[in-house]
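Commentary on secondary and tertiary structure
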Amino acid sequence: MNVYDAQRMSDLLGAEGYAETSAVEDADLVILNTCHIRERAAEKIFSELGRLRALKAARAEAGRATRIVVAGCVAQAEGAEIYRRQSAVDVVVGPQSYHRLPELLRRAERESRVIDTDFPAEDKFDFLSPPSPGRIRQRGVSAFVTVQEGCDKFCTFCVVPYTRGAEMSRPLGAVLEEVATLAAAGVREVTLLGQNVNAYHGDAGGRPASLAQLCAEVARVPGIARVRYTTSHPNDMDDGLIEAHRREEKLMPFLHLPVQSGSDRILASMNRKHTSAAYLTLCEKIRAARPDIALSSDFIVGFPGETEDDFGETLALIEKIGFASAFSFKYSPRPGTPGADRTDQIEEDVKIARLARLQALLEGQRQAFNRDMVGRTLDVLIEKRGRHAGQIAGKTGYLQPVQIEADAGLIGAVVAVEIVATGSNSLFGRLAHPPAGRPPEFVQTPRGSV
Ligand code: 5AD
Ligand code: SF4
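Residues numbered from 1 in each chain as written. Chains lettered and ligands numbered in written order. Predicted model: local features only at pLDDT ≥ 70, side-chain atom pairs only at ≥ 80, totals over all residues. Heavy atoms only, no water.

This part takes up the nonpolar core. Judged by nonpolar contacts, the single largest core of 55 residues is most densely connected at L192, V218 and Y229. Excluding anything up to four places from it in sequence, V218 contacts V175, L176, V179, V190, L192, I224 and V227. One finds V141, I382, I392 and V414 within the second-largest nonpolar core, a separate group that totals 23 residues. (Core = buried A, V, L, I, M, F, W, Y, C linked by side-chain atoms within 4.5 Å. Buried < 20%, exposed > 50% of the residue type's maximum accessible area, 1.4 Å probe, protein only. Contact = heavy atoms within 4.5 Å.)

Put into structure tokens, the structure is as follows:
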């Protein structure tokens, strides 16, 4: 979502005459878009700000002004602290008020420091400028679209309900309009984003639309070949959405469904409101609807009070389900969350050891999943030129990167690729003849023809 937000900030400032640069030394304005989810992410910003302060001073000596903005969830949660620790910062803006950036920058010319961490009543999406077709093309054929923000679940480890605020969904029509703009400029794949995306209930002419309905409508936008969504909570995975995975061909067979832990005791103290067995049953149900679906998850090790047995239950759940990929983290106490106040925090070395064991298991599953692809012919959306000359790169429906020896003219097409080998992160393949019976427009739709 931060990638999406950063693009929207760039679009907004593009309308004000700013252009992007890849060299920070050239920038008159630097925006750090920050993440507060774990301590490590939050700490990075202070070291980055130290570097930017030196840069600002050097540019000032050369007679060039530099404005520094801190945006995102660290700005939201620690705005005052940022000012206290780093005098070089001009503007602090939270994730719900960045549509006000042009005005905040103007204010910063008059006042020394400006902070906006409101949760405004207005909908920021109504104030954002749409990207130009050129910018959309630059960003590639796969795009993110935020459809839902915030969270009301209050898992006891998580800052999101505090930094992103209460759950809200964008109206269905607004999302479709944005997707149509993207598709008209050549986007073929859309990932619908939300911290709790499957709780989506955007307005559709006076009635709430479900995520299943949204996916179906996005899939019907001309030019869109693939639809994904992330991230989901198990308790919001309703029957309609599971059905959509059976019915909707363009909904990709990959589902990121965080479980966090396999221990019922830990799940309860995390306030996840489901058991390990319920998650397992849910995965079985999803697989019954879409047998080839690849599952992915998030895991936290070393939540306060986690015993060796609790951790063993997480490993057992992973063994039972089998994940195509996963993200896993050591528990990081976050200010203001109930987990941070617990007195039974787990020692760092225990967390490190558990994370290593967990990741070894998950990595084995990921590699096995990838090895399984060798010899198969898969649809690949070609996204860009590959690592080496004469190569192109794309993704399978299961989100695996694939390198193919073929012409860059295929960028934007969904092509049938025979997988011949696996590397550590990518698959390697060659163009295959499409299997019989496949609708021809699904095989090759060169970019721009939509
Ligand atoms: N410590 C460690 N991991 C966390 N996550 C969220 N909060 C924390 C925390 N305090 C992880 C969860 C979540 C993912 C986005 O980040 O696994 O699903
Ligand atoms: Fe955080 Fe996700 Fe739990 Fe919401 S559902 S509190 S975003 S972990």
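For the rest of this paragraph, the subject is the side chain of H99. Along the chain, H99 falls in the loop between β3 (91-93) and α4 (101-110). For H99, the side chain forms a polar contact with the side chain of E122, separated by 2.8 Å. When sequence neighbours within four positions are dropped, the list of residues in contact with H99 reads L12, P120, E122, K124, F127 and L128. (Helix = DSSP H or I, 4+ residues; strand = E, 2+ residues; numbered from the N terminus. Polar contact = N/O pair within 3.5 Å; in protein donor to acceptor, adjacent residues only side chain to side chain.)

This part takes up the site of ligand 1. Close contacts around ligand 1 come from I37, R38, F157, Q260, D298, I300, F329, K330, Y331, S332 and R334, and that covers them all. Q260 places a side-chain nitrogen or oxygen 2.6 Å from an oxygen atom of ligand 1. A distance of 2.7 Å separates a nitrogen atom of ligand 1 from a polar atom in the backbone of S332. Protein contact buries 87% of the 400 Å² of open area that ligand 1 shows by itself. Where the shell around ligand 1 is concerned, the elements lending two or more residues are β13 (294-301) and β14 (325-330). Residues that form the shell around ligand 1 fall into these classes: 5 nonpolar, 2 polar and 4 charged. (Near = heavy atom within 4 Å. Areas by Shrake-Rupley, 256 points an atom, 1.4 Å probe, with all protein chains shown as cover. Nonpolar A, V, L, I, M, F, W, Y, C, P; charged D, E, K, R; others polar.)

Let us look at the pairing of strand β8 (residues 189-193). In summary, the side chains of a regular strand alternate between the two faces of the sheet. With 5 of its 5 residues buried, β8 lies for the most part within the structure. Residues E189, T191 and L193 line one face of β8 and the alternating positions V190 and L192 line the opposite face, and both faces are buried. Here 5 bridges tie strand β5 (residues 142-146) to β8, and the two strands are oriented parallel to one another. Its bridge partner being in β8, A143 is matched across the sheet by V190. Examined bridge by bridge, β8 and strand β11 (residues 226-230) share 5 bridges and lie parallel to one another. If you follow E189 over to β11, its bridge partner there is R226. (Pairing = 2+ DSSP bridges.)

Attention now moves to the packing of helix α12 (residues 308-321) against helix α13 (residues 348-371). Packed helix pairs are specified by the crossing angle of their axes together with the interaxial distance, meaning the distance between the axes. Two elements in contact, α12 and α13, have axes separated by 10 Å at closest approach and are oriented at 5°. Between α12 and α13, the interaxial angle falls into the category roughly parallel. Here E308, F311, T314, L315, I318 and E319 of α12 come into contact with α13, specifically with R354, R357, L358, L361, L362 and Q365. When its residues are assigned to classes, the contact of α12 with α13 shows 6 nonpolar, 2 polar and 4 charged. (Axes fitted to C-alpha atoms, helices over the stretch in contact; angles between N-to-C directions. Parallel < 35°, antiparallel > 145°, perpendicular 65-115°, else oblique.)

For the rest of this paragraph, the subject is the site of ligand 2. Every residue near ligand 2 is listed here: C151, K153, F154, C155, F157, C158, V160, P161, H233 and R272. A class-by-class count of the residues in the shell around ligand 2 yields 7 nonpolar, 1 polar and 2 charged.

Looking at the protein, the domain boundaries give domain 1 (2-116), domain 2 (124-371) and domain 3 (377-448). Centre-to-centre, using C-alpha coordinates, domain 1 lies 38 Å away from domain 3. (Domains from an automatic or database assignment.)

Moving on to the packing of aromatic side chains. Taken as a whole and assessed by the stated rule, the structure comprises 5 aromatic pairs. Judged by centre distance (5.6 Å) and plane angle (80°), the rings of F299 and F323 are edge-to-face. Placement of the pair is F299 in strand β13 and F323 in the loop between α12 and β14, with a sequence separation of 24 residues. Overall, the relative accessible area of 2% leaves F323 in the buried class. Ring centres of F369 and Y398 lie 5.5 Å apart, and the angle between their planes is 85°; this geometry places the pair in the edge-to-face category. In this pair, F369 is assigned in helix α13 and Y398 in the loop between β16 (391-396) and β17 (401-405), connecting sequence segments 29 residues apart. Look at Y398 and you get buried, because its relative accessible area is 8%. A connected cluster of aromatic rings, assembled from ring pairs, spans F157, F303 and Y331. (Phe/Tyr/Trp six-rings, centres within 6.5 Å; stacked < 30°, edge-to-face > 60°.)

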